[in-house]
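Notes for the structure review
One letter stands for each residue in the lines below.
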Amino acid sequence: MLDMVLQDPTSWLMDVPETLEFIQRNLGSNSASLQQTLFSVLGVLTIHFPRDVLMSVLTDLPHSDSTTPEIWKRILSLAENSECILDVLCSVLQDQELCGIFNITPAELDLLQLTVVHPTEENLQELCKPALLQRLLKIESLPVLWLVLRGLVLLSERPEMAIGIRDLLPDVMKTLRFANTSKASKISRNVMTHVGKREAHPIVVELAEKLLPLFSHVSSEVQVGSILLFKDVMEAVVWWQKRNMRKTVHRGLLPLLFQMSDETPSVAEASGEALVCCAKFLKWKELKRQAKRKGKMEIKECLPSSL
């Protein structure tokens, strides 16, 4: 049936919300070929009915389901390569109906539009409004959060703007409970790099605690991002925080050792790097030596039995 849809989309895809719900329900399938076909249908649907698709994802699909941001990301990737779809997206993000749906102001809606247009200096200056962005970070809609985090990634890459959004890091970290955590990790790493240890220190211990569960996330991208951010957090700790941080580092040792055997090379490599950093932080010379040699059994022997 899906093949027939792809051959004659205008006859089959008139009911956009119903088609999107069908795609969303079946994306959780373990069949890679089915997922690929569903994304092909999504692409055809977006090309033929871009406004209906964009509005339906924002208003009809479950706001907290993990498949919703996957659909949203696919659509936005099409917009990046199609000026027509991008223009429709900008038009949708000017629709005042969204203000009522998400309980946001027109000024906040304008910020959402700025996250998808070309990041000129002028646009980024307009986007850098921390108070409005903080309100948008509290909206429990994954497509909206994805846009806000996308904008914050752009801001965090500029040193002067990263300093301006540093107070938003606790709110950014709260979005880790949602599916799209790689952007939250990137924002935090960028901000800590630009603001330095002393400016970042108020939240680093709390941030490290929130990262531990992500080491075993289903997404390898999230795993790598969270592990490398954990490494950055250890390096950002100032001396008077080290006592509290030691407990968190202890809790991270076994998960990192386990992830050194991950079948994804980037996860295994990041875990090994983080273990070396843990050893330096704890001042455990033998663990540091074995972690550098990547001897898993020898590393395990270095760990306290209480772990």
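Refer to the preceding data block for the structure.
Position labels on residues start from 1 in each chain and follow its written sequence. Residue-level local features of this predicted model are given only where pLDDT is at least 70; pairs of side-chain atoms are given and counted only at 80 or more, and the full residue set underlies all totals for whole chains, interfaces and linings. With hydrogens and water set aside, each side-chain value is computed from the structure's full complement of heavy atoms.

Some words on the packing of aromatic side chains
Ring geometry is summarised as follows: Phe, Tyr and Trp rings, the Trp one being its six-membered ring, pair when their centres sit within 6.5 Å, and such pairs are stacked at plane angles under 30 degrees, edge-to-face over 60 and tilted between the two. In this structure the tally under the stated criterion is 1 aromatic pair. Note on Phe215 and Phe230: the rings are 5.3 Å apart at their centroids and 85° apart in plane angle, and the pair reads as edge-to-face. Of the two residues, Phe215 sits in the loop between α17 (204-211) and α18 (220-236) while Phe230 sits in helix α18, which places them 15 residues apart along the sequence. When sorted by exposure, Phe215 lands in the same class as Phe230, which is buried. Both a distance and an angle decide whether a charge sits over a ring: NZ of Lys or CZ of Arg must be within 6 Å of the ring centre and within 35 degrees of the ring normal. In this structure, Arg74 is placed above the aromatic ring of Phe39, and the distance from its NZ or CZ to the ring centre is 3.9 Å. Strands are runs of DSSP state E lasting at least 2 residues, helices are runs of H or I lasting at least 4, and numbering of each runs from the N terminus. Any residue under 20% of the maximum accessible area for its type is buried, any over 50% is exposed, and the rest in between are partly exposed; the area is computed with a 1.4 Å probe on protein chains only.

With respect to the pattern of salt bridges
Whenever a carboxyl oxygen of Asp or Glu lies within 4 Å of a side-chain nitrogen of Lys or Arg, that contact is scored as a salt bridge. Applying the stated criterion across every chain yields a total of 12 salt bridges. Arg289 is the salt-bridge partner of Glu286, the closest N and O atoms lying 2.8 Å from each other. Of the two residues, Glu286 and Arg289 both sit in helix α21 (residues 285-293), 3 residues apart, roughly one turn of that helix. For Glu286, a relative accessible area of 37% gives the class partly exposed. On the basis of relative accessibility, which here comes to 42%, the residue Arg289 falls in the partly exposed class.

Examining the packing of helix α5 (residues 50-59) against helix α6 (residues 67-80)
A fitted line through C-alpha atoms serves as each axis, taken over the contacting stretch for helices, and the angle formed by two N-to-C directions is quoted from 0 to 180°. Packing of α5 against α6 brings their axes to within 11 Å, and their N-to-C directions diverge by 155°. In this view, α5 runs roughly antiparallel relative to α6, as classed from their interaxial angle. Helix-helix and strand crossings are classified by hand; for α5 and α6 the assignment is left-handed. Facing α5, whose interface residues are Val53, Leu54, Val57 and Leu58, α6 presents Thr68, Ile71, Trp72 and Ile75. Any angle that is under 35 degrees is reported as roughly parallel, and any over 145 degrees as roughly antiparallel; angles of 65 to 115 degrees are reported as roughly perpendicular and all others as oblique. Rotating anticlockwise by less than a right angle from the far helix to the near helix defines a left-handed crossing, while the corresponding clockwise rotation defines a right-handed one. Only heavy atoms enter the contact rule, under which two residues are in contact if any of them lie within 4.5 Å.

So far we have only geometry, and geometry alone does not tell us how the molecule works.
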